Amino acid sequence: MLDYDAEARDYDASRGGEPRARVAAAAVERLLPVGARVVLDVACGTGIVTARLLRPGRTVLGADRSPGMLRLAARRLPGAVLCADAAQLPLRAGSVDAVLLVWLLHLLPDAAPVLAEARRVLRPGGVLVTTADKNDAYFTAPSDLAEATAALRRRHAPRATDAADLLTARATALGLRPVGETSFPGLGQGRSPRAWREAAERGRLPWCREPAELAATVRALAALPDQDAPRPDPRYRLLAFRG
Ligand SMILES: C[S@@+](CC[C@H](N)C(=O)[O-])C[C@H]1O[C@@H](n2cnc3c(N)ncnc32)[C@H](O)[C@@H]1O
């Protein structure tokens, strides 16, 4: 996983900034229970999405384990941030109306402890909202880049910890039932073949861990036309489960 303390300063600008936060928060809001009064954003990062969920009569809390990210979140959510691991939240059982996990589960070796903790703090009837299939988001729209890397991704990508079917099975086992789904665009986040090659070479792509996989990916990307033209923006999935 990235060092988010080191990443904090550039995080917002490099992840789509306010335009991404606006569409992400609007998508989350569509899945929140009507009248949600206490909303907990777990792995809130800099709070750029979290703060957009503030409404009159609603308490919005942010939790994250990176002090560097939380320092920025505290400016947006004064007095409402918690430094905590997502699998061990300092909150009472059944105390929140909604738990959000935006861009967290794909980073973890196992989503199960975090889902169980989210379930614990949710009140009966509360809603868990989570992103799913994050690493596939760049390839859902048809493009030459998606096509050129499809076989490599299918063959070499490890099973994602935030795969929608896996999350649905785990949530169901915890007594949560699927109640909705939406998505939001990663505005301006579409990447060019050259940018993908650089990401592969920096070891950022899960399907390029071995030298042969890396070489095959770099070859496939280098063969594409318009090396510096960004391909379609990613589209991020959000799933909702009710307790
Ligand atoms: C990709 S960022 C997402 C931030 C925010 N949700 C957003 O959409 O901008 C991932 C965040 O997860 C946090 N994180 C990673 N593992 C965590 C854990 N086990 N418990 C709490 N936070 C965690 C990182 O510190 C980072 O702030």
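Residues numbered from 1 in each chain as written. Predicted model: local features only at pLDDT ≥ 70, side-chain atom pairs only at ≥ 80, totals over all residues. Heavy atoms only, no water.

Draft legend 1. Region of interest: the nonpolar core. Residues Val99, Leu101, Leu105 and Leu128 are the most contacted members of the largest nonpolar core, which totals 73 residues. The biggest single contributor to this core is helix α2 (residues 17–31), with seven residues. Filtering out sequence-adjacent residues up to four positions away, Val99 remains in contact with Leu40, Val42, Ala118, Val121, Leu122, Val127, Leu128 and Val129. (Core = buried A, V, L, I, M, F, W, Y, C linked by side-chain atoms within 4.5 Å. Buried < 20%, exposed > 50% of the residue type's maximum accessible area, 1.4 Å probe, protein only. Helix = DSSP H or I, 4+ residues; strand = E, 2+ residues; numbered from the N terminus. Contact = heavy atoms within 4.5 Å.)

Draft legend 2. Structural view of the pattern of salt bridges. For the coordinates displayed, the defined rule picks out 16 salt bridges. Between Glu7 and Arg15 there is a salt bridge whose closest N-O contact spans 3.1 Å. Arg123 is the partner of Asp97 in a salt bridge, and the nearest nitrogen-oxygen pair spans 2.3 Å. With Asp97 in strand β4 (residues 96–101) and Arg123 in strand β5 (residues 122–132), the pair connects residues that are 26 residues apart, well separated along the chain. Among the charged side chains, a salt-bridge network with shared partners connects Asp12, Glu18, Arg52 and Arg76. (Salt bridge = Lys/Arg side-chain N within 4 Å of Asp/Glu carboxyl O.)

Draft legend 3. Broad picture of empty space enclosed by the protein. Scanning the entire structure with this criterion turns up one cavity of 30 Å³ or more. Here the largest cavity defines a volume of roughly 50 Å³. Of the residues contributing to the lining of the largest cavity, the split by class is five nonpolar, two polar and two charged. (1 Å grid on protein atoms, 1.4 Å probe; cavity = no way out; pocket = protein on both sides within 12 Å on 5 of 7 lines; lining within 4 Å. Points joined across faces, edges and corners; volume = space filled by probe spheres on them. Nonpolar A, V, L, I, M, F, W, Y, C, P; charged D, E, K, R; others polar.)

The values reported here are purely geometric and, on their own, carry no functional implication.
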